[in-house]
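Structural description and commentary
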Amino acid sequence: MMKGYLTIFLSLSLSILTGFILLLTGNAVRNAVKVRYECAVDTGMNSVLSEFHAELLERYDLIYIDASYLGKEPCVSHVEDRLWYYIEENTSRILAGKDAPWGKLRIQDVAIPYFETAAAGMGASMRNQAICYVEDTGISGKEREVPGGMEEIRALDQGTPMEEWSSVMEQLDGMELPCVLNEEGIWEEVSLSNPADWVYSLAQSDVLFLARVNTESISPANLSLGNYISHRQIKNTGSNRQEFKREEDLFLSYLFEKMGYLGCPKKSSLLSCQLEYVAEGNASDLENARAVAERLFRIRFADNAACALSDDNLRAQALAAAGELQAVSLKDEFKEPVAESILYACAFLESVGDVRAIYEGKSIPVRKSSHSMSVMHVLEGSIYCTESNQGWSYDQYLASMILLVEEETINLRTMDIMEMDIRLYDGNHNFKMDWCIERYEANVTAIGDYGGHYDLRRLYGYF
């Protein structure tokens, strides 16, 4: 009888123990499946990030996923497909093998509800990566000095010396000329013969011509601006990042390291005056080079005009020259405005000399403490090149013009240049910076054995 009790007890105990063991085994299998699932998702997301755009990294040292995947129309579904592929390779493919672990796992859905691109913060993401690159490499040039002089540049850029000079010349045109009796006894007007007139006529000339700039190396490319990010309807600008690095001096170093400008072009680039494009944003190199030259001239003219008008010795020379004119000797009210026009003519010629010197590789101070102006240059009809070894060079003045532009516009025009250059590579005709992904969030759903249902959300990125 006792043996029967023991047999029944042992049977019940064994069945309970077996059930408990099976429960533990089932839980172990489910947990193993969950761990494999999480590992597969993490591996998949890293694998997607490993498919960064190689040419963008090589050319501009920026690391992003290109959602066009070399030729397709960019779309987040392409990234979802790649993520699905990598997760499936580490789940279903492995489980179908001969030595597959216990527990089935099937991917049901892969969705990327959120991602950040190079256009995040209107290009702040791209700028952040560029600044990080400069910090890591330690590159630095003369452009780093420019932000410290921007207050003076802004003041000069807002100056209106040409308008002021035009006002003086219009005043002279509106004044009644004196008359004298000629040999025939007829009253005739005495010509003013203002020596500043020939200089004033140069104001309508092309500054590139006045500066003797060789334009043969300028690219003939004419852009369809609507194809680039600064002009088309920009997408994917949102970001959950708290802050991006924005340092102007470091970003300038990046631009001058990676992009070309007049006289210093980069190979394999659509434009030869890329930084002039960043500063001005026109559709051709020639337009941008001309716009930069005109602005450079305006800055120099504003400084030189201030020097000329405040120089008592130069003003005395101008008054003396004005006094030699017959019309002035007959009508003294002409003297002051004629002298004023001569001073502006002196400043104009000095500015032409400055710009020529800058384009020849010399340096000119933003604010001069001394000058080479002389009324004799106006009287003799001579244009000269300023001699100077101190001050800012062309690339520094160009850097200052870039900083005169709004930060977002700088970012977008910089990405325009990147799109132009990357599209020159085979298979990159659909490359768009606002579809270059830096960070992305994925929701992955899977089902396993024993009714297991798995949901996982991950956020991965380079920064």
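If you're wondering where the values come from, they're calculated on a predicted model, not measured in any experiment.

The secondary structure content of the protein amounts to 18 helices and six strands. The C-alpha radius of gyration computed for the protein amounts to 36 Å, which surpasses the reference 23 Å derived for 463 residues by more than 25%, pointing to a less compact arrangement than a globule. The buried share of the protein, reckoned over its 463 residues, is 49%. Restricting the contact set of the protein to residue pairs at least 6 apart, pairs at least 24 apart contribute 78%. Across the protein, the centroid of the 41 positively charged side chains sits 15 Å from that of the 70 negatively charged ones.

The subject of this paragraph is the side chain of S253. Position of S253 among the secondary structure elements: in helix 10 (residues 248-258). Residue S253 is classed as buried on the basis of its relative accessible area, which comes to 2%. A distance of 3.0 Å separates polar atoms of two side chains, one belonging to S253 and the other to E143. Among residues more than four places away in sequence, those in contact with S253 are V134, I139, S140, G141, E143 and R144.

What follows covers helix 15 (residues 335-359). The end-to-end C-alpha separation of helix 15 is 36 Å, in line with the 36 Å expected for 25 residues at 1.5 Å each. Directly after helix 15, the chain includes G361, whose backbone phi takes a positive value near 100 degrees.

What the rule picks out here adds up to 27 salt bridges. Here D354 and K368 are joined by a salt bridge, their closest N and O atoms 2.8 Å apart. Placement of the pair is D354 in helix 15 and K368 in the loop between helix 15 and helix 16 (375-380), with a sequence separation of 14 residues. Between E441 and R457 there is a salt bridge, and its shortest N-O distance comes to 3.8 Å. Of this pair, E441 sits in strand 5 (residues 436-448) while R457 sits in strand 6 (residues 453-461), and the two are 16 residues apart along the sequence. Take R457: its relative accessible area is 55%, and that puts it in the exposed class. One salt-bridge network, in which partners are shared between bridges, spans E152, R300, D303, E350, D354, R367 and K368.

Moving on: the packing of helix 7 (residues 161-174) against helix 15. Put simply, helix 7 and helix 15 touch, their axes get as near as 10 Å, and they point 145 degrees apart. The handedness of the crossing between helix 7 and helix 15 is left-handed. Taking contact as the criterion, the partners of P161, E164, W165, V168, M169, Q171 and L172 in helix 7 are, on helix 15, P337, V338, E340, S341, Y344, A345 and F348. For the contact of helix 7 with helix 15, the class distribution of residues is 10 nonpolar, two polar and two charged.

Another point: the nonpolar core. Nonpolar side chains in soluble globular proteins tend to end up buried together. Grouped together as the largest cluster of nonpolar side chains are 113 residues, with contacts concentrated most on Y254, Y359, Y397 and M433. Here this core gets 15 residues from one element, more than from any other, and that element is helix 15. Setting aside residues no more than four positions away along its own chain, Y397 makes contact with I153, L296, I299, R300, I358, I364, P365, V366 and W392. In this structure, Y37, V48, L49 and I65 belong to the second largest nonpolar core, which totals 28 residues.

So, about empty space enclosed by the protein. Scanning the model with the defined rule gives two cavities of 30 Å³ or more in all. Its volume calculated, the second largest cavity comes out at about 30 Å³. The residue makeup of the lining of the second largest cavity, split by class, is five nonpolar, three polar and no charged.

Okay, the environment of E51 next. Looking at the secondary structure, you find E51 in the loop between helix 1 (2-49) and helix 2 (54-60). In this structure, the C-alpha to C-alpha distance between E51 and I63, residues 12 residues apart in sequence, is 9.7 Å. Each residue touching E51, except ones within four places of it in the same chain, is listed here: I65, Y69, R82 and Y86.

Let's shift gears to the packing of aromatic side chains. Tallied over the entire structure, the rule returns 16 aromatic pairs. Here Y133 and Y254 contribute two aromatic rings whose centre-to-centre distance is 6.0 Å and whose plane-to-plane angle is 85 degrees, an arrangement assigned as edge-to-face. With Y133 in helix 5 (residues 120-137) and Y254 in helix 10, the pair connects residues that are 121 residues apart, well separated along the chain. Each member of the pair, Y133 together with Y254, is buried. Here the aromatic rings of Y359 and Y394 are separated by 5.1 Å at their centres, their planes lie at 40 degrees, and the arrangement is tilted.

About the criteria used
- Residues numbered from 1 in each chain as written.
- Predicted model: local features only at pLDDT ≥ 70, side-chain atom pairs only at ≥ 80, totals over all residues.
- Heavy atoms only, no water.
- Helix = DSSP H or I, 4+ residues; strand = E, 2+ residues; numbered from the N terminus.
- Rg over C-alpha atoms; globule rule 2.2 N^0.38 Å.
- Buried < 20%, exposed > 50% of the residue type's maximum accessible area, 1.4 Å probe, protein only.
- Contact = heavy atoms within 4.5 Å.
- Lys, Arg positive; Asp, Glu negative; His and termini not counted.
- Charge placed at Lys NZ, Arg CZ, Asp CG, Glu CD.
- Polar contact = N/O pair within 3.5 Å; in protein donor to acceptor, adjacent residues only side chain to side chain.
- Expected span 1.5 Å × (residues − 1).
- Salt bridge = Lys/Arg side-chain N within 4 Å of Asp/Glu carboxyl O.
- Axes fitted to C-alpha atoms, helices over the stretch in contact; angles between N-to-C directions.
- Left-handed = near helix turned anticlockwise from the far one by under 90°.
- Nonpolar A, V, L, I, M, F, W, Y, C, P; charged D, E, K, R; others polar.
- Core = buried A, V, L, I, M, F, W, Y, C linked by side-chain atoms within 4.5 Å.
- 1 Å grid on protein atoms, 1.4 Å probe; cavity = no way out; pocket = protein on both sides within 12 Å on 5 of 7 lines; lining within 4 Å.
- Points joined across faces, edges and corners; volume = space filled by probe spheres on them.
- Phe/Tyr/Trp six-rings, centres within 6.5 Å; stacked < 30°, edge-to-face > 60°.

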